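# Observations on the three-dimensional arrangement
Spelled out from the first residue to the last, the chains are:
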Amino acid sequence: MLALTIATWKLTKVVPGWQPKLRAVEYPVYAVTVGLVAGGILALFGLRQSLGAYFRTEFFLKTGLVLLGATIDLKEIGAFGLKGIAQAAMLITTVFFFTWFVARWLGIEARLRALLAASVAICGVSAAITAAGAVLARKEQLAYVAGLVILFAFPIMFLQPLAATWLGLSPSVAGAWIGGNIDTTAAVVGAGALHSPEALKVASIAKMSQNALLGVVAFLLALYWVAAVERAPGGRPSLWEIWARFPKFVLGFLLASGVVTLAVSVGWATPAAMRELKHMREWFFMAAFLSIGFGLSFGDLREAGWRPVAVYGLATIFNTAVALGVAVLVFG
Amino acid sequence: MASSGWGRVLTEDWLAVIVGLTLVVVALAGLVKNIP
């Protein structure tokens with residue numbers, strides 16, 4: 001398991017060096033591929049079943065999520081002041097519910113719907129992972145959505161800065177638009193840098209404000225899931241039932257975020273410590289996606305069909321339009 | 001509810017929370033360095 005994770009890490013460093021355009025291809029792609037290949041080879045030797053116990057997707061995912069919480073400084077929500085909070089809150093709610101209702105209209109299963117809505121509305125892969133934990137989504141659903149996020153981020157990263165220049169937007173409006181629309185943080189940085197240094201700065205802060213709200217969204221989503229979607233027929237669930245089924249890692253996520261925010265404000269958290277936390281989180285997520293690849297079933301992927309792609313496409317177009325409107329309204 | 005004990009209490013969720021928070025404290029204390 002460790003050797004495979006190291007191999008994945010190596011790939012994430014070596015491949016963008018060969019081909020800089022592949023910068024936007026993030027670790028889930030490499031990890032799932034390595035997992036798939038390893039699963040295939042071990043199956044040939046009849047070892048897949050017996051070694052499967054080491055590929056503990058849930059544990060790696062949830063520990064990574066607690067560490068993700070630790071890299072979110074809650075004070076960053078206010079980094080932009082009221083403007084940033086207003087922009088993030090407006091975008092997250094409108095895009096989340098738009099995606100949710102379009103997906104429901106197309107008959108997409110509730111858990112996949114939650115993953116799609118969270119990933120378009122907040123921050124791509126990490127939001128999809130968080131939502132997957134909150135609603136107990138299947139591994140295939142997470143792999144599918146992570147693939148969609150990366151696939152869509154790639155062209156938008158190049159097209160959006162061009163569109164911003166063509167529309168004659170000021171650097172701060174362009175930055176707010178890019179940060180509000182593009183899902184993955186790596187692609188936000190890429191697109192912002194293609195436009196201008198000022199746009200890059202504003203785009204990064206806009207993205208951070210959205211990321212900082214991830215814990216709140218995860219908490220509400222998990223609560224909604226246990227209290228409304230999965231409740232037993234007849235009557236409201238008791239508080240005890242809600243607690244028993246509530247995904248506890250969400251509390252770890254919020255607690256870690258609170259601890260780090262406190263540590264940053266009193267000067268305990270050094271930049272080096274924050275960097276180590278970020279790296280640890282990446283290792284856990286790599287191990288999680290590796291485990292997903294290991295146990296991936298193509299039958300389940302095919303079963304999902306074209307509809308999630310259509311939902312993601314429509315939601316991205318809607319997100320682009322609303323993010324432009326909000327960016328002009330708030331920063332214009 | 002009769003079958004309480006560690007097996008039931010220490011679910012994967014809690015294990016992730018314990019491991020995650022321990023790593024946070026360890027990192028903030030400066031006990032881990034140079035993770036690639």
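Quick notes on the rules
Residues numbered from 1 in each chain as written. Chains lettered and ligands numbered in written order. Predicted model: local features only at pLDDT ≥ 70, side-chain atom pairs only at ≥ 80, totals over all residues. Heavy atoms only, no water. Helix = DSSP H or I, 4+ residues; strand = E, 2+ residues; numbered from the N terminus. Rg over C-alpha atoms; globule rule 2.2 N^0.38 Å. Buried < 20%, exposed > 50% of the residue type's maximum accessible area, 1.4 Å probe, protein only. Contact = heavy atoms within 4.5 Å. Lys, Arg positive; Asp, Glu negative; His and termini not counted. Charge placed at Lys NZ, Arg CZ, Asp CG, Glu CD. pLDDT = per-residue confidence, 0-100. Axes fitted to C-alpha atoms, helices over the stretch in contact; angles between N-to-C directions. Parallel < 35°, antiparallel > 145°, perpendicular 65-115°, else oblique. Left-handed = near helix turned anticlockwise from the far one by under 90°. Buried area = accessible area lost by both parts, 1.4 Å probe. Salt bridge = Lys/Arg side-chain N within 4 Å of Asp/Glu carboxyl O. Polar contact = N/O pair within 3.5 Å; in protein donor to acceptor, adjacent residues only side chain to side chain. Nonpolar A, V, L, I, M, F, W, Y, C, P; charged D, E, K, R; others polar. Patch = residues over 30% accessible without salt bridge, like charges linked within 9 Å, V, L, I, M, F, W, Y side chains within 5 Å. Areas by Shrake-Rupley, 256 points an atom, 1.4 Å probe, with all protein chains shown as cover. 1 Å grid on protein atoms, 1.4 Å probe; cavity = no way out; pocket = protein on both sides within 12 Å on 5 of 7 lines; lining within 4 Å. Points joined across faces, edges and corners; volume = space filled by probe spheres on them. Core = buried A, V, L, I, M, F, W, Y, C linked by side-chain atoms within 4.5 Å. Phe/Tyr/Trp six-rings, centres within 6.5 Å; stacked < 30°, edge-to-face > 60°.

### Description of the overall build of chain A
Scanning chain A for helices and strands turns up 17 helices and 0 strands. At 20 Å, chain A has a C-alpha radius of gyration in line with the 20 Å of a compact globule built from 332 residues. The C-alpha extent of chain A, read off along each of the three principal axes, is 60 × 60 × 50 Å. Across the 332 residues of chain A, 54% fall into the buried class. Counting only contacts in chain A whose residues sit at least 6 apart along the sequence, the fraction spanning at least 24 positions is 80%. With 25 positive and 14 negative side-chain charges, chain A shows a spacing of 1 Å between the two charge centroids.

### What to know about helix α10 (residues 185-195) of chain A
Counting along an α-helix, one turn takes 3.6 residues, and residues three or four places apart therefore face a common direction. Considered for burial, the residues of α10 of chain A that qualify are Ala187, Val188, Gly190, Ala191 and Gly192 of chain A. Along its buried surface, α10 of chain A packs onto α8 (139-166), α9 (171-181) and α11 (197-212) of chain A.

### Describing the confidence of the model for chain B
A low pLDDT score tells you not to read the predicted coordinates there in detail. Chain-level pLDDT for chain B is 78 on average; 72% of the residues reach the 70-or-more range. The ipTM for the predicted assembly is 0.83, set against a pTM of 0.82.

### Notes on the packing of helix α6 (residues 110-121) of chain A against α8 of chain A
Packed helix pairs are characterised by how far apart their axes lie and by the angle those axes make with each other. Residue and element names in this part refer to chain A. Two numbers describe how α6 lies on α8: the axes approach to 10 Å, and their chain directions differ by 30°. The pairing of α6 with α8 is recorded here as roughly parallel in orientation. Crossing of α6 over α8 shows right-handed handedness. Seen from α6, the contacting residues are Arg111, Leu112, Leu115, Leu116 and Ser119; seen from α8, they are Gln141, Leu142, Val145, Leu148 and Val149.

### Digging into the interface of chain B and chain A
Between chain B and chain A, the residue contacts involve 19 residues of the former and 29 residues of the latter. Across the chain B/chain A interface, buried area totals approximately 2100 Å², and carbon plus sulfur atoms make up 75% of it. In this assembly, chain B and chain A are joined by 2 salt bridges. Measuring nitrogen to oxygen at the nearest pair gives 2.4 Å for the salt bridge that ties Arg56 of chain A to Glu12 of chain B. Our count for the contact surface shared by chain B and chain A stands at 8 residue pairs in polar contact (both at pLDDT 80 or more). Looking at the side of chain B that touches chain A residue by residue, the classes come out as 14 nonpolar, 2 polar and 3 charged.

### Description of a nonpolar patch on the surface
Taken together, the side chains of Val37, Ile41, Leu44, Phe45 and Leu47 of chain A present a nonpolar region at the surface, about 530 Å² in accessible area. Positionally, Phe45 of chain A belongs in the loop between α2 (27-44) and α3 (48-51).

### A closer look at the layout of surface pockets
All names here are of chain A. Taken as a whole, the largest pocket spans an internal volume of roughly 1300 Å³. Elements with a minimum of two residues in the lining of the largest pocket: α1 (2-18), α2, α7 (124-135), α10, α11 and α15 (271-294). At 9 residues, the largest contribution of residues to the lining of the largest pocket is made by α15. Looking at the lining of the largest pocket residue by residue, the classes come out as 23 nonpolar, 9 polar and 11 charged.

### Observations concerning the nonpolar core
Residue and element names in this part refer to chain A. With 103 residues, the main nonpolar core has Ile129, Leu142 and Phe289 as its most contacted residues. Contact partners of Leu142, with chain neighbours within four places excluded, come to Leu61, Leu115, Ala128, Ile129, Ala132, Phe289 and Ile292. Core analysis: the second largest hydrophobic core is formed by 9 residues, Ile156, Met157, Ile182 and Ala187 among them.

### What about the packing of aromatic side chains?
Residue and element names in this part refer to chain A. Evaluated as defined, the whole model comprises 15 aromatic pairs over all chains. Measuring from ring centre to ring centre gives 6.2 Å for Phe96 and Trp100, while their planes differ by 15°; the resulting arrangement is stacked. One end of the pair is Phe96 and the other is Trp100, both in helix α5 (residues 82-105) and 4 residues apart, which spans about a single turn. Judged on exposure class, the residue Phe96 and its partner Trp100 are both buried. Taken together, a centroid distance of 6.3 Å and an interplanar angle of 70° make the contact between Tyr224 and Trp225 edge-to-face. The class of Tyr224 is partly exposed, set by a relative accessible area of 42%. Judged by its relative accessible area of 2%, Trp225 is buried. Following the ring pairs from residue to residue traces out a cluster consisting of Phe96, Phe97, Trp100, Phe101, Tyr224 and Trp225.

### Considerations on empty space enclosed by the protein
Residue and element names in this part refer to chain A. On inspection of all chains with the given rule, the structure shows 1 cavity of 30 Å³ or more. Approximately 40 Å³ is the volume found for the largest cavity. As for the largest cavity, its lining consists of Val149, Phe152, Ala153, Ile156, Ile182, Asp183, Tyr312 and Thr316. At the level of secondary structure, the elements contributing two or more residues to the lining of the largest cavity comprise α8 and α17 (307-331). Ranked by residue count, the leading element in the lining of the largest cavity is α8, at 4 residues.

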